[in-house]
Amino acid sequence: MANYLITGGAGFIGSHLVHALVARGDQVRVLDNFETGLKKNLEPVWDRIEVRAVDLADADAVQSACEGIDYVMHEGALPSVPRSVKEPRPSHRTNIEGTFNVLEGARLAGVKRVIYAASSSAYGNQPGFPRVETMAPQPLSPYAVQKLTGELYMQAYWRVYGLETVCLRYFNIFGARQVPDSPYSGVMARFILMMMRGERPTVFGDGEQGRDFTHVENVVQANLLAVDAPATLAAGRVFNIACGQRHTLNETYALLATLLDFKHPPIYGPEREGDVRDSLADISAASAALGYVPRIDFEEGLRRTVAWYRDEFAG
Ligand code: UD2
């Protein structure tokens, strides 16, 4: 049993980590400003965790939240490429300054290891598939720059202070509890809810852009493995976390439409600014160093996710 701090613990990915850690008997402290996170996501475990309503920009409160903690999983962020394009300052503050505050807090509190939610957006539009961690990053959007800056900070804290940090580059994560009805929602949640409501989703561009869509259970597994991996293999390193398969948006739309018995074609709109065209991960580094093997494939992930939204948004 260990003490964990989950930043963004009331959010989509953070809450899955909280549930998994509580289930195996670990002590969990959640830090969340509840701007995009939801209390509802933590309801089943609320009595078994400590929750601090704190903004990542509040350095003192973040530092205090790190006291007594063994492992930090830093999921707190203001996500979304289009949000960062429209209004870069808030996400800059949360994603860069907030990440810095977590690292400083962790260093001063003597935390053993920080696992960081990095993003596949770091690769940008360079040639060469699948994406390998040794490729030079080419971030396109403010969001991609911010998440990459967090990685660089993580690595510097390992090199300079010896704080063990592990960066997990998530590739388009989807699953239960992803917010479906914000203009900045991930495409999967957005399409599912719209189809359930009988509304035609919009595909930005020609729909032939590809993503390595990854079910959230695989991310939970990767984080737990990243905590246990020997420092010699994991500390200061960056790992792709994905399924290692590329699916186009058109393909994904068709599969969702079948699962939801939705008969209409999408509306095609202009391409989104800052959008990456294609994304596909090489996951061999995570497999060799962490023992990561995706357990839930794309189709199974879609089925589980659709089932969850059906239950949650029925009627
Ligand atoms: C990026 C990162 C991802 C994660 C995420 C966090 C890449 C390749 N991926 O996801 O790892 O960090 O940011 O936010 O950079 N789309 C539509 N219609 C809609 C909504 C989206 O066509 O209503 C398209 C969108 O233009 C894009 C794809 O769907 O081509 C996926 O969009 P997204 O916002 O779900 O995720 P993305 O790829 O920006």
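Worth saying up front: this structure is predicted, and the values here are computed from it rather than measured.

Novice: Kindly report on the site of the ligand, identifying the contributing residues and their values.
Specialist: Taken together, 24 residues lie around the ligand, and Ser119, Val187, Arg211, Arg272 and Asp275 are the ones closest in. Here an oxygen atom of the ligand and a side-chain polar atom of Gln209 are 3.0 Å apart. Burial of the ligand by the protein amounts to 91% of the accessible area it has alone, namely 740 Å². Of all elements in the fold, only α6 (187-196) and β8 (202-204) reach the threshold of two or more residues within the shell around the ligand.

Novice: Kindly report on the packing of helix α9 (residues 249-259) against helix α11 (residues 298-312), identifying the contributing residues and their values.
Specialist: Where α9 meets α11, the closest approach of the two axes is 11 Å, and the angle between their N-to-C directions is 50°. Between α9 and α11, the angle is such that the two are oblique. Helix-helix and strand crossings are classified by hand; for α9 and α11 the assignment is right-handed. For the pair α9 and α11, the contacting residues are Thr252, Leu255, Leu256 and Leu259 in the first and Phe298, Leu302, Arg303, Val306 and Arg310 in the second.

Novice: So, the domain arrangement of the protein chain: which residues are in play, and what are the values?
Specialist: Taken domain by domain, the protein chain comprises domain 1 (3-175 + 213-244 + 279-296) and domain 2 (187-209 + 245-275 + 305-312). On a C-alpha basis, the centres of domain 1 and domain 2 stand 26 Å from each other. Domain 1 puts 15 residues into the contact, and the matching count from domain 2 is 14 residues. Both sides of the domain 1 and domain 2 interface together cover about 1200 Å² of buried area, and 61% of this is carbon and sulfur. For the pair domain 1 and domain 2, the interface holds 1 salt bridge. With a closest N to O distance of 3.3 Å, Lys40 and Glu312 form a salt bridge. The interface formed by domain 1 and domain 2 contains 1 residue pair in polar contact (both at pLDDT 80 or more). When residues in the side of domain 1 that touches domain 2 are grouped by element, the largest group, 3 residues, is from helix α3 (residues 81-86). Taken together, the residues that form the side of domain 1 that touches domain 2 break down as 8 nonpolar, 6 polar and 1 charged.

Novice: How would you sum up the state of the cysteines? Please name residues and give values.
Specialist: Disulfide: a covalent bond connecting the sulfur atoms of a pair of cysteines. Evaluation of the coordinates by the stated rule reveals 0 disulfides. No disulfide involves Cys167; its nearest neighbouring cysteine sulfur is the one of Cys66, lying 16 Å away.

Novice: Before we move on, can you summarise unusual backbone geometry with the specific residues and values?
Specialist: Here Phe129 and Pro130 are connected by a cis peptide whose omega angle stands at -5°. Within the element layout of this structure, Pro130 appears in the loop between β5 (113-119) and α5 (142-161). Here the phi dihedral of Asn172 falls at roughly 35°; this positive angle occurs in a residue that is not glycine. Within the fold, Asn172 resides in the loop between β6 (164-170) and β7 (173-174).

Novice: Describe the pairing of β5, and please don't skip the residues or the numbers.
Specialist: Most of β5 sits inside the fold, with 7 of its 7 residues counted as buried. Where strand β4 (residues 71-74) meets β5, 4 bridges bridge the pair, whose relative direction is parallel. Residue Met73 lies in a different strand from β5, and its bridge partner there is Ile115. Between the parallel elements β5 and β6, the chain passes through α5 in a crossover that is right-handed.

Criteria and thresholds
Residues numbered from 1 in each chain as written. Predicted model: local features only at pLDDT ≥ 70, side-chain atom pairs only at ≥ 80, totals over all residues. Heavy atoms only, no water. Near = heavy atom within 4 Å. Polar contact = N/O pair within 3.5 Å; in protein donor to acceptor, adjacent residues only side chain to side chain. Areas by Shrake-Rupley, 256 points an atom, 1.4 Å probe, with all protein chains shown as cover. Helix = DSSP H or I, 4+ residues; strand = E, 2+ residues; numbered from the N terminus. Axes fitted to C-alpha atoms, helices over the stretch in contact; angles between N-to-C directions. Parallel < 35°, antiparallel > 145°, perpendicular 65-115°, else oblique. Left-handed = near helix turned anticlockwise from the far one by under 90°. Contact = heavy atoms within 4.5 Å. Domains from an automatic or database assignment. Buried area = accessible area lost by both parts, 1.4 Å probe. Salt bridge = Lys/Arg side-chain N within 4 Å of Asp/Glu carboxyl O. Nonpolar A, V, L, I, M, F, W, Y, C, P; charged D, E, K, R; others polar. Disulfide = S-S within 2.5 Å. Buried < 20%, exposed > 50% of the residue type's maximum accessible area, 1.4 Å probe, protein only. Pairing = 2+ DSSP bridges. Right-handed = clockwise from strand over helix to strand, strands pointing away.

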